[in-house]
Amino acid sequence: MNKALDRSLIKRLLEADCEDPLASTDQLTSQEIPPGVDRRTFLMRSAVGGAAAVMMGHSISAQERTAKALATLPQASSPKPPLAADLNVVKKGQGPVLTTADEFYKVGPGPSSSHTIGPMRITYDFYQRATKLPADKLARATKLQVNLFGSLSATGKGHGTERAALAGLVGNEPATVDPKFLDSLRDKPDQTFPVKLGDKSINVSLKDIIYDATKGDFKHPNTMTVKVLAGDEVLLEQEYYSVGGGFIEWKGYTPPKKNPPKYPFRLMKELRAHADNNKISIAKVILANEMSIAGRTEAEVYAFIDKIINAMVATVKSGLSMPEDDVLPGPIKLHSKAATVYKRAMDDKYASDKGIGALSAFALAASEENGRGHLVITAPTGGSAGVMPALVYGLLEVRKLDRQKIRDGMLAALAVGYLCKHHATLSAAEGGCQAEIGVASSMAAALTATAYDAESRVVENAAESALEHHLGMTCDPVAGYVQVPCIERCAFGAVKAWTAYAIASNEIASRHRVDFDATVMALAETAKDMNSKYKETSEAGLALSVTLC
Ligand code: SF4
């Protein structure tokens, strides 16, 4: 402000006696906020425009203030294109839930189901297709190439997407890949590997995995293409989508044909009606459906669930056994803390402090394993892979609950995960962290309530509460690594699951005001409205405010 303006302003303010023109912001800002603008930025711009006009001795109408404010608003980044209507993830909400346990709980290397497990499954799938090319085409093949787009490109480096994609291309599957192989790709990135195609052998390396456009008109935020080339000629190309939780689809994908479920449901309300009308638990409804949809026996379903329970226990044990001063891979140089938190929590004076500390430590342990790229279980995703194992470990290994109770809990948790996948999303690139840690916490709350023999309404209420109190949570991993805030978020997700169960089992169940289906719809709507910067792009939030040095 120059001196002349300064003096004239003071003079006018004095002349105005007590009538301070800046006293009421009502006269300065636009009271009507136009739709589709950022409220806070708009009000600020409007107030600045109004104040400037008063200071210059002009009067400015409300309409003029609005027009000026709109004209100076920063251009919004182009909105993410809506998902294509022909993607199964978009169409899925129409019929009954048909997902099965082995599609949902997947064992694979961390740190992200959509950025490591999905891409590894994709390139493994593509390799199988490529081997079926006619012999004359295979004889001409010179190169295999993977292009990563959207969020896979934006944050793939932090997730090790290129290593996962290469591992799939050379014949590894997520459940059986040796994490040491992935570590060796990180430590010696120049390695090449022969891939057999017909009579030929083509060398591939990390150079064949290309981080391509981060923005564009993609059918899904996690899009990738894989090609077999003969020089510049494309012999085979497939476009794929890693749609969250390790699930994959591709251009032209049709969901596999499945048997009808014994108890068809699209909503928690319908699921609970089956349970209540047949006087069985939610877990038993899911068990019956697993058997009818997948054509499995009860023993086969339980054998799979046992495998997952054992893997969850193993991941917590492995995480707790790591040295206290271990440093996780990546530029954050994050020290692991699970073992230290557990040891110190055991010295706490009060049992409740010990319990919360230990539960947090179990979640940190499994989540740090994810950060190391070791084997984890999607429940529902890699980033949230600490939440369910923390409760499973605590209930089975510490509280010594009967294994059958944990199996039932795992089945009830599936119901929650299925419904969130069916009507909303499990992908942070579509819905932010509420779709990962929020869903995981909700599943863990259902697990806990079921393991303690809660009635179906209490199971629903616990799952609802846990999900409700994660709504709106954004995804902003620092440096694109699934470590900060992800590892601690798993601990909070586990503790919130316990809190949700504690409230649900102690309140009067019929008075719980919000039903689970409404909260899942809120999850879907919030995911749709969330600014795309907060959907696993590392362009905002903590990813911006934390400085690494
Ligand atoms: S912030 Fe949440 S959603 Fe994003 S990577 Fe971390 S755990 Fe996953």
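Residues numbered from 1 in each chain as written. Predicted model: local features only at pLDDT ≥ 70, side-chain atom pairs only at ≥ 80, totals over all residues. Heavy atoms only, no water.

**Digging into the site of the ligand**
Link 1 in the chain: Near the ligand you find Gly383, Ala428, Cys433, Glu436, Cys475, Asp476, Cys486 and Arg489, and these make up its full shell.
Link 2 in the chain: Considered class by class, the residues forming the shell around the ligand number 4 nonpolar, 1 polar and 3 charged. (Near = heavy atom within 4 Å. Nonpolar A, V, L, I, M, F, W, Y, C, P; charged D, E, K, R; others polar.)

**Brief notes about the packing of helix α16 (residues 387-398) against helix α19 (residues 437-451)**
Link 1 in the chain: Viewed as axis vectors pointing N to C, α16 and α19 meet at an angle of 20 degrees, and their least axial separation amounts to 8 Å. Taken together, the axis directions place α16 and α19 in an arrangement best described as roughly parallel. Considering how the two elements wind past one another, α16 and α19 form a crossing that is right-handed. Seen from α16, the contacting residues are Val387, Met388, Leu391, Val392 and Leu395; seen from α19, they are Ile437, Ala440, Ser441, Met443, Ala444, Leu447, Thr448 and Ala451.
Link 2 in the chain: Of the residues assigned to the contact of α16 with α19, the class counts are 11 nonpolar, 2 polar and no charged. (Axes fitted to C-alpha atoms, helices over the stretch in contact; angles between N-to-C directions. Helix = DSSP H or I, 4+ residues; strand = E, 2+ residues; numbered from the N terminus. Parallel < 35°, antiparallel > 145°, perpendicular 65-115°, else oblique. Left-handed = near helix turned anticlockwise from the far one by under 90°. Contact = heavy atoms within 4.5 Å.)

**A short note on the sheet that holds strand β2 (residues 143-148)**
Link 1 in the chain: Pairing is mixed in the open sheet, where 5 strands are placed in the order β5-β2-β6-β7-β8. Single-partner strands in this sheet number two, and they are β5 (209-211) and β8 (247-250). Pairwise comparison of adjacent strand axes, ignoring direction, gives a mean angle of 25 degrees for this sheet.
Link 2 in the chain: Sheet analysis places β2 next to β5, joined by 3 bridges and oriented parallel. Looking at β5, one finds that asparagine 147 is bridged to isoleucine 210.
Link 3 in the chain: Its contacts with the sheet place helix α6 (residues 113-130) against β2, β6 (223-230), β7 (233-244) and β8, and it is angled at close to 150 degrees to β7. (Pairing = 2+ DSSP bridges.)

**Re the nonpolar core**
Link 1 in the chain: With 96 residues, the main nonpolar core has Tyr105, Ile305, Met388 and Met410 as its most contacted residues.
Link 2 in the chain: Element by element, the count of residues in this core is highest for helix α17 (residues 403-423), at 11 residues.
Link 3 in the chain: Contacts of methionine 388, omitting those with residues within four sequence positions, involve Tyr105, Met312, Ala379, Met410, Ala413, Ala440, Met443, Ala444 and Leu447.
Link 4 in the chain: Of all hydrophobic cores here, the second largest spans 35 residues; its members include Met120, Ala164, Leu166 and Ile209. (Core = buried A, V, L, I, M, F, W, Y, C linked by side-chain atoms within 4.5 Å. Buried < 20%, exposed > 50% of the residue type's maximum accessible area, 1.4 Å probe, protein only.)

**What to know about the pattern of salt bridges**
Link 1 in the chain: One pass over the structure, following the stated rule, counts 23 salt bridges.
Link 2 in the chain: The residue lysine 258 makes a salt bridge to glutamate 103 at a minimum N-O spacing of 2.8 Å. Remark: glutamate 103 occurs in helix α5 (residues 101-104) and lysine 258 occurs in the loop between β8 and α11 (268-277); sequence separation between them is 155 residues.
Link 3 in the chain: The class for glutamate 103 is partly exposed, based on a relative accessible area of 23%.
Link 4 in the chain: Put simply, aspartate 408 and lysine 284 hold a salt bridge, and the shortest N to O gap is 3.4 Å. Of this pair, aspartate 408 sits in helix α17 while lysine 284 is found in helix α12 (residues 282-294), placing the two residues 124 residues apart along the sequence.
Link 5 in the chain: Among the residues examined, aspartate 408 registers a relative accessible area of 15% and is labelled buried.
Link 6 in the chain: One connected set of salt bridges, linked through shared partners, spans Asp326, Glu368, Glu369 and Arg372. (Salt bridge = Lys/Arg side-chain N within 4 Å of Asp/Glu carboxyl O.)

**Quick look at the packing of α11 against helix α20 (residues 456-468)**
Link 1 in the chain: In the contact formed by α11 and α20, the axes pass within 10 Å of each other and the chain directions differ by 155 degrees. Between α11 and α20, the angle is such that the two are roughly antiparallel. In the crossing of α11 with α20, the sense of the turn from one axis to the other is right-handed. Contacts from Met268, Arg272 and Asp276 of α11 reach α20 at Ser456, Arg457 and Glu460.
Link 2 in the chain: Residue composition of the contact of α11 with α20, by class: 1 nonpolar, 1 polar and 4 charged.

**Some details on the packing of aromatic side chains**
Link 1 in the chain: This model, assessed by the stated rule, comprises 12 aromatic pairs.
Link 2 in the chain: With centroids separated by 5.9 Å and ring planes inclined at 85 degrees, the aromatic side chains of phenylalanine 104 and tyrosine 105 adopt a geometry described as edge-to-face.
Link 3 in the chain: When its relative accessible area of 1% is taken as the criterion, phenylalanine 104 is described as buried.
Link 4 in the chain: Aromatic side chains tyrosine 240 and tryptophan 250 sit 6.3 Å apart centroid to centroid with 70 degrees between the ring planes, which places their arrangement in the edge-to-face category. Residue tyrosine 240 is located in strand β7, and its partner tryptophan 250 is located in strand β8; the two are separated by 10 residues in the primary sequence.
Link 5 in the chain: Residue classification places tyrosine 240 among the buried positions, given a relative accessible area of 0%.
Link 6 in the chain: Note on tryptophan 250: relative accessible area 23%, which makes it partly exposed.
Link 7 in the chain: Through successive ring pairs, a cluster of aromatic residues spans Phe104, Tyr105, Phe247 and Tyr418.
Link 8 in the chain: The residue whose ring lies beneath arginine 129 is tryptophan 250, and the NZ or CZ to ring-centre distance is 4.8 Å.
Link 9 in the chain: For lysine 421, the ring lying beneath its charged end belongs to phenylalanine 247, and the centroid distance is 4.3 Å. (Phe/Tyr/Trp six-rings, centres within 6.5 Å; stacked < 30°, edge-to-face > 60°. Lys NZ or Arg CZ within 6 Å of the ring centre and 35° of its normal.)

**A word on the pairing of strand β3 (residues 193-197)**
Link 1 in the chain: Residue alternation in β3 divides its side chains into a buried set, Phe193, Val195 and Leu197, and an unburied set, Pro194 and Lys196.
Link 2 in the chain: Hairpin connection, β3 to strand β4 (residues 200-204): the antiparallel pair is bridged by 2 residues, and glycine 198 has positive phi, about 65 degrees.

**Some remarks on α12**
Link 1 in the chain: Between the first and last C-alpha of α12 there are 18 Å, a value that for 13 residues agrees with the 18 Å anticipated at 1.5 Å per step.
Link 2 in the chain: Inspection of α12 places Ile282, Ala283, Val285, Ile286, Leu287, Ala288, Asn289, Glu290 and Ile293 among the buried residues, and these make up the whole buried set.
Link 3 in the chain: On its buried face, α12 sits against α5, α11, α13 (298-320), α17, α19 and α20.
Link 4 in the chain: Two residues or fewer past α12, glycine 295 is found with a positive phi of approximately 65 degrees. (Expected span 1.5 Å × (residues − 1).)

**Overview of the environment of aspartate 515**
Link 1 in the chain: Looking at the element boundaries, aspartate 515 is found in the loop between α21 (486-506) and α22 (516-529).
Link 2 in the chain: Residue class for aspartate 515 comes out partly exposed when judged on its relative accessible area of 37%.
Link 3 in the chain: The spacing of aspartate 515 and asparagine 461 is 54 residues in sequence and 7.1 Å in space, taken between C-alpha atoms.
Link 4 in the chain: If we ignore the near neighbours within four places in the chain, the residues touching aspartate 515 are Glu460 and Glu464.

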